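# Secondary and tertiary structure notes
For reference, the chains in residue letters:
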Amino acid sequence: MKKILVIAEIFQGRVRQVTWELAATAREIQTGFSEKQPLPGIQIPSITIIVPSNNPKPLAKKIAEQTGMDVIGLLIPGLKIYTSEIYITCLGQGIRKLDPSHILVAHTSQGRDFAPGLSLELDAVAIPSVNGIRFDKKGLICLRPVFDNTKNMLVRPVSDRPLLLTLMPGAFKPDIQKNRKPGCVDIQMSSFKPVAGGKPCIHHRQILKRPGENQALKAAKIIVAAGRGLGEKENLQLIFTFAKHFSSSAVGASRPLVDMGWIGYEHQVGITGASVAPDVYIACGISGSSQHIAGMENAKFVISINKNPAAPIFRHSDICITEDVLEFIQIFLNLIDTIEPV
Ligand SMILES: Cc1cc2nc3c(=O)[nH]c(=O)nc-3n(C[C@H](O)[C@H](O)[C@H](O)COP(=O)(O)OP(=O)(O)OC[C@H]3O[C@@H](n4cnc5c(N)ncnc54)[C@H](O)[C@@H]3O)c2cc1C
């Protein structure tokens, strides 16, 4: 029987958004096997979400309610801060007896850290940084970025060994629905026994703020973020002027602008920049790569201005403005200037 396992991403006692994306992808894989291309002899996989934590019960309950999927809370006493060693050992023990066909892990700093070791532990075949999946007559195909993220490669798993996929945050639509029939919650004990001389090899002690982390960006209620669509460095001034019209605002940027030296790293939003959660995120000339989405996925309301109606950022936006960003902002600023203050 095929079984899809999702490893929930827990950070500082909270379920991270990417967990809902992993759950959605698990459902997509399940549907792919059952409906899209039914093949003789192919069974419909079941889905189970695993929650590693020193207090998994409330987290497991929340996940079971929001996804409607069965959840195993893997109780690891003493797991105060994530460590790859404990994750690999305890998840390895817990997962091996479940005999899964697919294991889904987030391609985050945490997932990227433990997934290779877990693959080895489970003798699994790994496909990292998956940003899309498809089904054809022969079954599942994964898409992953290659050549500095300029192209996608199609990868077909052809082994009978368990398949471990790390999924890019922001690349899959999350699966959250209210009033679902909750899945079952089962709490299982796991214990970490260090192998190297009876002591853990790594001791994770503390989580520190990164130097240069932009507190203004973190604290802002409205973030106006600039992307390569601005065309020239000089046009950034327009973004700063635009942002000043909102109280509690800050300017964010996509990575190419930082790489080109247009703006400091402390403005970068994304998987290798800041993670932000403002009330409103205004993406100006940003395409919506999964690496950028990973940093702004928790924004409450997203407005995007992009001249390409097919820009991926629109899939993550509440308001989509298909316009030239410079013209749009200039018209907005001219309009604001004509309004008499009340
Ligand atoms: C390991 C790794 C880590 C990364 N980390 C990050 C990260 O933390 N943050 C990040 O942002 N990126 C990151 N990237 C880069 C990421 O993959 C993308 O290349 C980047 O996000 C694209 O930035 P962009 O949207 O500004 O530019 P582009 O992808 O070039 O998009 C520009 C957009 O502007 C639109 N446009 C062009 N002209 C106009 C106009 N006049 N008016 C309106 N719209 C216009 C275009 O239609 C296009 O959609 C990372 C990449 C890798 C490989």
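Residues numbered from 1 in each chain as written. Predicted model: local features only at pLDDT ≥ 70, side-chain atom pairs only at ≥ 80, totals over all residues. Heavy atoms only, no water.

## Here's the deal with the domain arrangement of the protein chain
Per the domain assignment, the segments of the protein chain are domain 1 (3-189) and domain 2 (215-338). Domain 1 and domain 2 are separated by 31 Å when their C-alpha centres are compared. In this assembly, 11 residues from domain 1 lie in contact with 9 residues from domain 2. Summed over both partners, the interface of domain 1 with domain 2 buries about 780 Å², with 47% contributed by carbon and sulfur atoms. Of all residues in domain 1, the largest losses of buried area upon contact with domain 2 belong to Gln-17, Pro-169 and Gly-170, amounting jointly to 47% of the total for that side. Across the contact surface, domain 1 and domain 2 share 0 salt bridges. (Domains from an automatic or database assignment. Contact = heavy atoms within 4.5 Å. Buried area = accessible area lost by both parts, 1.4 Å probe. Salt bridge = Lys/Arg side-chain N within 4 Å of Asp/Glu carboxyl O.)

## Observations concerning the sheet that holds strand β13 (residues 222-226)
A sheet is described by the order of its strands in space; here 5 strands give the open sequence β14-β13-β15-β16-β17, paired in parallel fashion. The open sheet has two edge strands with one neighbour each: β14 (249-253) and β17 (319-321). Across the sheet, the axes of successive neighbouring strands diverge by a mean angle of 15°, strand direction being ignored. Inspection of the sheet shows β13 paired to strand β15 (residues 280-284) by 5 bridges, in the parallel sense. By the bridge assignment, Ile-223 is partnered in β15 with Tyr-281. Of the strands in this sheet, β15, β16 (301-305) and β17 touch helix α9 (residues 325-338), which is tilted by about 115° from β16. (Pairing = 2+ DSSP bridges. Helix = DSSP H or I, 4+ residues; strand = E, 2+ residues; numbered from the N terminus. Axes fitted to C-alpha atoms, helices over the stretch in contact; angles between N-to-C directions.)

## A few points about the sheet that holds strand β11 (residues 163-167)
Read from one edge to the other, the open sheet built from 7 strands follows the order β7-β11-β6-β1-β4-β5-β12, with strand pairing classed as parallel. Edge positions in the sheet fall to β7 (125-130) and β12 (185-189), since each of these pairs with one other strand and no more. Sheet twist, expressed as the mean angle between neighbouring strand axes with direction ignored, is 20°. As judged from the 5 bridges shared by strand β1 (residues 3-7) and strand β4 (residues 46-53), these two strands associate in the parallel manner. The residue bridging Ile-4 from the neighbouring strand is Ile-47, located in β4. Strands in contact with helix α3 (residues 84-96) are β1, β4, β5 (70-75) and β6 (102-106); relative to β4, the strand with the most contacts, it is inclined by about 145°.

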